[in-house]
Amino acid sequence: MIYLYTEKQNSPDWILKNDFYFDLYTGNFPLTEQDKEAIFRIDSARVTEDKHIETKYGLGTLRNLSSGCKTYLNIIKNPDKIVSVKECGGKVLYLFFLFDGVYIFFDYPERVHISENVKILFNDTEIAVGRSGYEAWWTKEYKRREDDDLQEY
C-alpha cells in the first residue's frame, strides 16, 4: 500500500523540505549498500569510502546529491515520516510506487508509471488501485476543487 497525502500538514511527522532535512539529518545516517546502489541509479554517483560522491562532474559531498535522490533517501531512512515528493521527477517517483508502505505527499497529479496491482490510500480515506484508479481519483479531486472554488491548494 502506498499512503499518499494531498493536503499539507505542518507536523513533526512530515518532511516538506527534503534538501534541508537530508542535509541536517538523513545525510548523517550510515549508508547501506542498497542506499549506495540507489544513489548510483538515481544520480549516477558513486559513494567513496570517506562518504563523498564521485560523478562525471567530479568529487562532491552527499549535499551535492539531487533533490530527487535526497527525497528517496529521506523516505528510505525515515519510514515513519510522510515525505513531500513535489521536487521529484518521474524517474524517482516511479520508484516510490514499487515499494510497499511508503508515505508520500504531493498535492497535484504527476504522470508516473504505476502497476495495476498497486494500492494507493489517499488521505487515509479512499483506496485506488493501479494507474487507472490513481487517475480516476485525481479527476474526482480536481472536480471537487473546482466546485469548492479552490484555485490553489
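None of the values given here were measured: they were computed from a predicted structure. (Residues numbered from 1 in each chain as written. Predicted model: local features only at pLDDT ≥ 70, side-chain atom pairs only at ≥ 80, totals over all residues. Heavy atoms only, no water.)

(A) A look at the overall build of the protein chain. A count of helical and extended segments in the protein chain gives 5 helices and 9 strands. Secondary structure elements of the protein chain, listed N to C terminal, follow the sequence β-β-α-α-β-β-β-α-β-α-β-β-β-α. The C-alpha radius of gyration computed for the protein chain amounts to 17 Å, which stays within 12% of the reference 15 Å derived for 153 residues, consistent with globular compactness. Across its three principal directions, the C-alpha atoms of the protein chain cover 55 × 30 × 25 Å. Taking all 153 residues of the protein chain together, the buried fraction comes to 43%. Relative to all contacts within the protein chain whose residues are 6 or more apart in sequence, the contacts with residues 24 or more apart total 51%. When the accessible surface of the protein chain is split by element, carbon and sulfur atoms take 50% of a total near 8,800 Å². (Helix = DSSP H or I, 4+ residues; strand = E, 2+ residues; numbered from the N terminus. Rg over C-alpha atoms; globule rule 2.2 N^0.38 Å. Buried < 20%, exposed > 50% of the residue type's maximum accessible area, 1.4 Å probe, protein only. Contact = heavy atoms within 4.5 Å. Areas by Shrake-Rupley, 256 points an atom, 1.4 Å probe, with all protein chains shown as cover.)

(B) The pairing of strand 8 (residues 119-122), seen in detail. Across 3 bridges, strand 1 (residues 2-5) lies against strand 8 in parallel orientation. Residue pairing for strand 8: leucine 4 is matched across the bridge by phenylalanine 122. The pairing of strand 8 with strand 9 (residues 126-129) spans 4 bridges and is antiparallel. Following the sheet pairing, lysine 119 is matched in strand 9 by valine 129. In this antiparallel pair of consecutive strands, strand 8 and strand 9, the connection spans 3 residues, and asparagine 123 shows a positive phi of 50°. (Pairing = 2+ DSSP bridges.)

(C) Layout of the sheet that holds strand 9. Pairing within the open sheet is mixed, and its 6 strands lie in the order 2-6-7-1-8-9. Either end of the sheet is taken by a strand with one partner, and the two such strands are strand 2 (14-15) and strand 9. Packing against the sheet, helix 3 (residues 67-77) makes contact with strand 2, strand 6 (82-84) and strand 7 (102-105), and its axis sits at approximately 175° to strand 6. Packed on one face of the sheet, helix 5 (residues 130-147) meets strand 1, strand 8 and strand 9 and runs near 135° to strand 9. (Axes fitted to C-alpha atoms, helices over the stretch in contact; angles between N-to-C directions.)

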